[in-house]
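# Survey of secondary and tertiary structure
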Amino acid sequence: MHKKKEGNRIYLSATPDEQLKKEVDHFYYLPARYHRRKLPVPKLFFSWRLEKYLSKGKLPKNIMVKIAELLEKNNVLLFCPNIPLLAKMANFIQNTFSNIKLTTVYSQDKERLIKVENMRDGKYQLLLTTTILERGVTFEKVSVIVLQASHRVFNKSALVQIAGRADRKGQYTKAEVLFISSEVTISIRKAIVEIEENNRQAFKEGLIDAL
């Protein structure tokens, strides 16, 4: 990329790393969205035997109950740490909730763009995905679940981006973000703290209507 000598280069990121912050001359911080609502703060959903269930291609009953509750209110994006688990969870959930329309999407999926559009059009109630959809995509009226949020693929930046899929547009204000995990990692803690701090800063600056 080339620019004129007197030109400026602008970087735009929801999750800039520390190195980028050090390299830029000026840093502008926008902690709110245009619709003046606070960012949904992720809730921790502990499942102490989660890995044991996942190894068998299953989910604990309390998690299935929560998924059902969310699906009664809106559609759901469920993030999995890898493709093999993605397929197992899709099969298990579909066998349990036979009336739910769901599908999976991942980076090598040739029908990825079609599935994303179908989700936007309301043809699916549940979309199971890898981190391929952590950024750059917007759905209305969706809640977000991160399954096995303690997995190394879900670093702090990824968790913040994933949480940001909820309540991006539209009038619906009841979107939830759940981090399902058997432990609390540093990444989980930092992601939640960053989102809470964004909300406090936005309220302080008059950019959102309420906390």
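### Notes on the overall build of the protein chain
- Counting its secondary structure elements, the protein chain contains seven helices and six strands.
- Listing the helices and strands of the protein chain from first to last along the sequence gives α-β-α-α-β-α-β-α-β-β-α-β-α.
- Expressed as a percentage of the 211 residues in the protein chain, the buried residues total 45%.
- At a minimum sequence separation of 6, the contacts of the protein chain that also span at least 24 residues come to 73%.
- For the protein chain, the accessible surface area stands at approximately 12700 Å², while carbon and sulfur atoms represent 51% of it.

### Section: the environment of Y53
- Position of Y53 among the secondary structure elements: in helix α2 (residues 50-55).
- Ignoring sequence-local partners within four residues, the contact set of Y53 consists of K58, L59 and P60.

### Quick look at the confidence of the model for the protein chain
- Here the protein chain averages 87 in pLDDT, while 81% of its residues score no lower than 70.
- Of all helices and strands in the protein chain, the one with the weakest mean pLDDT is helix α1 (residues 18-23) (59), whereas strand β6 (residues 177-181) scores best (98).

### A word on the nonpolar core
- Of all hydrophobic cores here, the largest spans 28 residues; its most connected members are L77, L133, F139, V144, V146, L159 and F179.
- Put simply, the parts of the chain that give this core at least two residues each are β2 (75-79), α5 (112-120), β5 (142-147), α6 (156-163), β6 and α7 (186-204).
- Filtering out sequence-adjacent residues up to four positions away, L133 remains in contact with F79, V105, V116, L127, F139 and R165.
- Judged by nonpolar contacts, the second largest core, of 26 residues, contains I67, L86, L178 and I180.

### Describing unusual backbone geometry
- Here the phi dihedral of K141 falls at roughly 55°; this positive angle occurs in a residue that is not glycine.
- Considering the arrangement of structural elements, one finds K141 in the loop between β4 (126-129) and β5.
- Overall, K141 belongs to the partly exposed group, its relative accessible area being 42%.
- Look at Q148: it is not a glycine, yet its phi comes out positive at around 60°.
- Mapped onto the fold, Q148 is located in the loop between β5 and α6.

### Observations concerning a positive patch on the surface
- A grouping of R49, K52, K56 and K58 is seen on the molecular surface, where their side chains present a positively charged patch.
- Secondary-structure assignment places K56 in the loop between α2 and α3 (61-73).

### Thoughts on the sheet that holds β5
- The parallel open sheet is built from six strands, whose spatial order is β1-β6-β5-β2-β4-β3. Two strands close off the open sheet at either side, each with one partner strand: β1 (43-46) and β3 (102-105). On average, adjacent strands in this sheet sit at an angle of 20° to one another, irrespective of strand direction.
- Relative to β6, β5 runs parallel, the two being bridged by four bridges.

### Some points on α6
- Counting buried residues in α6 gives six out of eight residues, a clear majority hidden from the surface.
- A158, L159, V160, Q161, I162 and A163 are the residues of α6 that are buried.
- The N-capping residue of α6, defined by a side-chain oxygen 3.3 Å from the backbone nitrogen of S157, is N155.

### Focus: the packing of α6 against α7
- It is at 8 Å that the axes of α6 and α7 come closest, and there the two elements cross at 50°. Between α6 and α7, the interaxial angle falls into the category oblique. For α6 against α7, the interelement crossing comes out right-handed. On α7, the residues touching K156, L159, V160 and A163 of α6 are S187, I188, K190, A191, E194 and I195.
- Residue composition of the contact of α6 with α7, grouped by class: six nonpolar, one polar and three charged.

Scoring rules and cut-offs
Residues numbered from 1 in each chain as written. Predicted model: local features only at pLDDT ≥ 70, side-chain atom pairs only at ≥ 80, totals over all residues. Heavy atoms only, no water. Helix = DSSP H or I, 4+ residues; strand = E, 2+ residues; numbered from the N terminus. Buried < 20%, exposed > 50% of the residue type's maximum accessible area, 1.4 Å probe, protein only. Contact = heavy atoms within 4.5 Å. Areas by Shrake-Rupley, 256 points an atom, 1.4 Å probe, with all protein chains shown as cover. pLDDT = per-residue confidence, 0-100. Core = buried A, V, L, I, M, F, W, Y, C linked by side-chain atoms within 4.5 Å. Patch = residues over 30% accessible without salt bridge, like charges linked within 9 Å, V, L, I, M, F, W, Y side chains within 5 Å. Salt bridge = Lys/Arg side-chain N within 4 Å of Asp/Glu carboxyl O. Lys, Arg positive; Asp, Glu negative; His and termini not counted. Charge placed at Lys NZ, Arg CZ, Asp CG, Glu CD. Pairing = 2+ DSSP bridges. Axes fitted to C-alpha atoms, helices over the stretch in contact; angles between N-to-C directions. Polar contact = N/O pair within 3.5 Å; in protein donor to acceptor, adjacent residues only side chain to side chain. Parallel < 35°, antiparallel > 145°, perpendicular 65-115°, else oblique. Left-handed = near helix turned anticlockwise from the far one by under 90°. Nonpolar A, V, L, I, M, F, W, Y, C, P; charged D, E, K, R; others polar.

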